[in-house]
Amino acid sequence: MANSLFTELFSDFVSLFFPNCCVACSDSLAKGEELVCTNCMLEMPQTSHHKEINSELQVRLSNRFEVAHAAALFKFAKSSRVQYILHALKYKNRPEVGVMLGKVLGQKIVDACIMKPDIIIPIPLHPSRKRKRGYNQSAKFAEGLSVKLNIPFSDTIIARLVKTETQTKKNKLNRWQNVSEVFHVKDPLTVKGKRILLVDDVVTTGATIEACAHILKQNGCAEINIACIAEA
Ligand SMILES: [Zn+2]
């Protein structure tokens, strides 16, 4: 007891000099708040995709490939709190932000009971980019989802062979022809017959996620579901 009191006092003392700030608005966090303040959590545009059979994101991606369910946690907007959070996750060495957001969406998915995947696979980064950043931000989001959904995630099933995202600029036919040059399924047995939850940080055109979905289908997965932090 005395020990935990000491720890708490020490942590208060430390936070006087190194204030714990909200990654979205930079205000100091109150006691009990973690990474993002309550106000920002309430103000950020959260979607209700997790409880919709044909969510806006699902309908949009269905034009590209067969997708069972799709859920974004937030709507993306430039210069918004959502963008600051994503910036912290990708460029400010804050991997814990990804895990926290994964837990938030994961809890919503569990409560809604619509999406029932077997395994979570994050969109892989090219090894050189992962080395530079120190982590794959989508894998951190997957980690948080995995905790709440109580299913495994793996960052090693798919390998990314090409660094640039040039496939977004190509037409649909070229993109499909190039899929096997961009991504490679290293462990087909873990994918075969499985309902996959494919996760990314931000879904914009959907080209990257389509390429991954396509190669998973080629390797015999049963179903593709999508989760992302933000839909742009
Ligand atoms: Zn805030």
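Residues numbered from 1 in each chain as written. Predicted model: local features only at pLDDT ≥ 70, side-chain atom pairs only at ≥ 80, totals over all residues. Heavy atoms only, no water.

A. Broad picture of the overall build of the protein. Tallying secondary structure elements over the protein gives nine helices and six strands in all. Going through the 232 residues of the protein one by one, you find that 46% of them count as buried. If you take every contact in the protein between residues at least 6 apart in sequence, the share linking residues at least 24 apart comes to 75%. Element-wise, carbon and sulfur atoms account for 54% of the exposed surface of the protein, whose accessible area totals about 12000 Å². (Helix = DSSP H or I, 4+ residues; strand = E, 2+ residues; numbered from the N terminus. Buried < 20%, exposed > 50% of the residue type's maximum accessible area, 1.4 Å probe, protein only. Contact = heavy atoms within 4.5 Å. Areas by Shrake-Rupley, 256 points an atom, 1.4 Å probe, with all protein chains shown as cover.)

B. Here's a closer look at the sheet that holds strand β2 (residues 119-122). Pairing in this open sheet of four strands is parallel, and the strands run β1-β6-β5-β2 from one edge to the other. Unpaired on one side and paired on the other, β1 (69-75) and β2 mark the two borders of the sheet. Going across the sheet, the axis of each strand differs from the next one's by a mean of 20°, ignoring polarity. Bridging between strand β5 (residues 195-203) and strand β6 (residues 223-231) involves eight bridges; their strand directions are parallel. Looking at the pairing, Leu198 lines up with Ile226 of β6. (Pairing = 2+ DSSP bridges. Axes fitted to C-alpha atoms, helices over the stretch in contact; angles between N-to-C directions.)

C. Spotlight on the pairing of β5. Of all nine residues making up β5, eight are buried, and the element is well covered by its neighbours. Where β2 and β5 come together, four bridges link them in parallel fashion. Looking at the pairing, Pro122 lines up with Val199 of β5. Each parallel crossover has a hand, and for β5 linked through helix α9 (residues 207-218) to β6 it is right-handed. (Right-handed = clockwise from strand over helix to strand, strands pointing away.)

D. Up close: the coordination of the zinc ion. Only Cys22 (SG), Cys25 (SG), Cys37 (SG) and Cys40 (SG) from the protein coordinate the zinc ion, and they sit 2.3 Å from it. The site at the zinc ion holds four donor atoms, and with the angles between them running 103 to 116°, its shape is tetrahedral. Written as a sequence motif, the donor residues of the zinc ion are C-x2-C-x11-C-x2-C. Linking Cys25 in the loop between α1 (2-17) and α2 (38-43) with Cys40 in helix α2, this pair joins segments that are 15 residues apart in sequence. Look at Cys25 and you get partly exposed, because its relative accessible area is 27%. By relative accessible area, which is 0% here, Cys40 ends up buried. (Donors = N, O, S within 2.8 Å, 3.2 Å for Na, K, Ca; no water. Tetrahedral: all angles 85-135°; square planar, octahedral: opposite > 155°, others 65-115°.)

E. The pattern of salt bridges, seen in detail. Within the structure shown, the criterion is met by nine salt bridges. Arg60 is the salt-bridge partner of Glu231, the closest N and O atoms lying 2.8 Å from each other. Within this pair, whereas Glu231 is found in strand β6, its partner Arg60 is found in helix α3 (residues 56-62), the two being separated by 171 residues in sequence. Assessed through its relative accessible area of 2%, Glu231 is described here as buried. The partner of Lys140 in a salt bridge is Glu143, with the nearest N and O atoms 3.1 Å apart. Within this pair, Lys140 and its partner Glu143 are both found in helix α7 (residues 137-149), separated by three residues, close to a single helical turn. The exposure class of Lys140 is partly exposed, given its relative accessible area of 22%. Each of Glu56, Arg60, Lys75 and Glu231 takes part in a single network of salt bridges with overlapping partners. (Salt bridge = Lys/Arg side-chain N within 4 Å of Asp/Glu carboxyl O.)

F. Representation of helix α5 (residues 95-112) within the structure. Helix length check: α5, at 18 residues, gives a terminal C-alpha distance of 26 Å against a target of 26 Å (1.5 Å per residue), a fit within 8%. Within the span of α5, buried status applies to Pro95, Val97, Gly98, Val99, Met100, Leu101, Gly102, Leu105, Gly106 and Ile109. On its buried face, α5 sits against α2, β1, α4 (81-91), α7 and β6. Positive phi shows up at Cys113, right after α5, with a value of about 65°. (Expected span 1.5 Å × (residues − 1).)

G. Molecular detail of α7. Its 13 residues give α7 an end-to-end C-alpha distance of 19 Å, which sits within 8% of 18 Å, the value for a rise of 1.5 Å per residue. Taken together, the buried positions of α7 are Gln137, Ser138, Ala139, Phe141, Ala142, Gly144, Leu145, Ser146 and Leu149. Contacts made by the buried residues of α7 are with α4, α5, β2, α6 (127-133), β5 and β6. Looking one or two residues beyond α7, the residue adopting positive phi is Asn150, at roughly 60°.

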